[in-house]
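Letter by letter, the chains look like this.
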Amino acid sequence: MNAGPVSPVRDDDPDRLYTITGGRSRAPENAFDLVTLIVAEREPTAGMQSEHARILRMCEAPTAVVEVAAELSLPVSVVKILLGDLLESGAVTARHPRFAPNKARLPDLDTLKQVLHGLQRL
């Protein structure tokens, strides 16, 4: 017997979320937003909280906060608290695109206009 389409599982049980965050309800101020890239700086250690260990394994390559939340099936607010723990301990680094070096800035407006005109002529 088929019960119909399976929806993504999301564990929003308040007791579980309270336990995961140690009762905290706020992440460090302005430390992360949805597009902040998280990079693991070390491997998980024995006895580490399972969510922390999963984050470290997941972030061997730069991974956005929103992707971490989706993979863990946890609310972004909870993931930000977990990431704050890892950032404080030095287990991860956080890189936000707005803090990229000046070399990574967009080209000036004249260059963009020239590219647009070139594309329109194609």
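For the structure itself, consult the block above.
Residues numbered from 1 in each chain as written. Predicted model: local features only at pLDDT ≥ 70, side-chain atom pairs only at ≥ 80, totals over all residues. Heavy atoms only, no water.

1. What about the overall build of the protein chain?
Per the secondary structure count, the protein chain includes 5 helices and 3 strands. Listing every helix and strand of the protein chain by position from the N terminus yields α-β-α-β-α-α-β-α. Per-residue burial over the protein chain gives 26% buried out of 122 residues. When the accessible surface of the protein chain is summed, it comes to about 8,700 Å², and 56% of that surface belongs to carbon and sulfur atoms. (Helix = DSSP H or I, 4+ residues; strand = E, 2+ residues; numbered from the N terminus. Buried < 20%, exposed > 50% of the residue type's maximum accessible area, 1.4 Å probe, protein only. Areas by Shrake-Rupley, 256 points an atom, 1.4 Å probe, with all protein chains shown as cover.)

2. Some words on the sheet that holds strand β1 (residues 37-40)
An order of β2-β1-β3 is seen for the 3 strands of this open sheet, with the pairing classed as antiparallel. Sheet topology places β2 (63-64) and β3 (92-95) at the edges, where each strand pairs with a single neighbour. Pairing of β1 with β3, which is carried by 4 bridges, proceeds in the antiparallel orientation. Residue pairing in the sheet places valine 39 in a bridge with threonine 93 of β3. (Pairing = 2+ DSSP bridges.)

3. Some thoughts on the side chain of glutamate 51
Relative to the assigned elements, glutamate 51 resides in helix α2 (residues 50-58). Separated by 3.3 Å, the side chains of glutamate 51 and serine 50 make a polar contact. Excluding anything up to four places from it in sequence, glutamate 51 contacts Arg16, Ile20, Leu74 and Leu82. (Polar contact = N/O pair within 3.5 Å; in protein donor to acceptor, adjacent residues only side chain to side chain. Contact = heavy atoms within 4.5 Å.)

4. Examining unusual backbone geometry
Phi at serine 73 takes a positive value of approximately 55 degrees, unusual for a residue other than glycine. Summarising the element assignment, serine 73 is placed in the loop between α3 (65-72) and α4 (76-89).

5. Observations concerning the packing of α2 against α3
At a closest axis distance of 11 Å, the pairing of α2 and α3 adopts a crossing angle of 125 degrees. In terms of orientation, α2 and α3 fall into the oblique class. The two elements α2 and α3 cross, and the hand of that crossing is right-handed. Contact with α2, carried on its side by Arg54, Ile55 and Met58, involves Glu67, Val68, Glu71 and Leu72 of α3 and no other residues of that element. The residue inventory of the contact of α2 with α3, partitioned by class, reads 4 nonpolar, no polar and 3 charged. (Axes fitted to C-alpha atoms, helices over the stretch in contact; angles between N-to-C directions. Parallel < 35°, antiparallel > 145°, perpendicular 65-115°, else oblique. Left-handed = near helix turned anticlockwise from the far one by under 90°. Nonpolar A, V, L, I, M, F, W, Y, C, P; charged D, E, K, R; others polar.)

6. So, the packing of α2 against α4
For the pair α2 and α4, interaxial distance at closest approach is 10 Å and the crossing angle is 75 degrees. Between α2 and α4, the crossing angle belongs to the class labelled roughly perpendicular. Contacts between α2 and α4 involve Glu51, His52, Ile55 and Leu56 from the first element and Leu82, Leu83, Asp85 and Leu86 from the second. Within the contact of α2 with α4, the residues separate by chemical class into 5 nonpolar, 1 polar and 2 charged.

7. Brief notes about α4
In this model, α4 (14 residues) spans 20 Å end to end at C-alpha, consistent with the 20 Å of a helix rising 1.5 Å per residue. Just downstream of α4, glycine 90 is the residue with a positive phi angle, here 85 degrees. (Expected span 1.5 Å × (residues − 1).)

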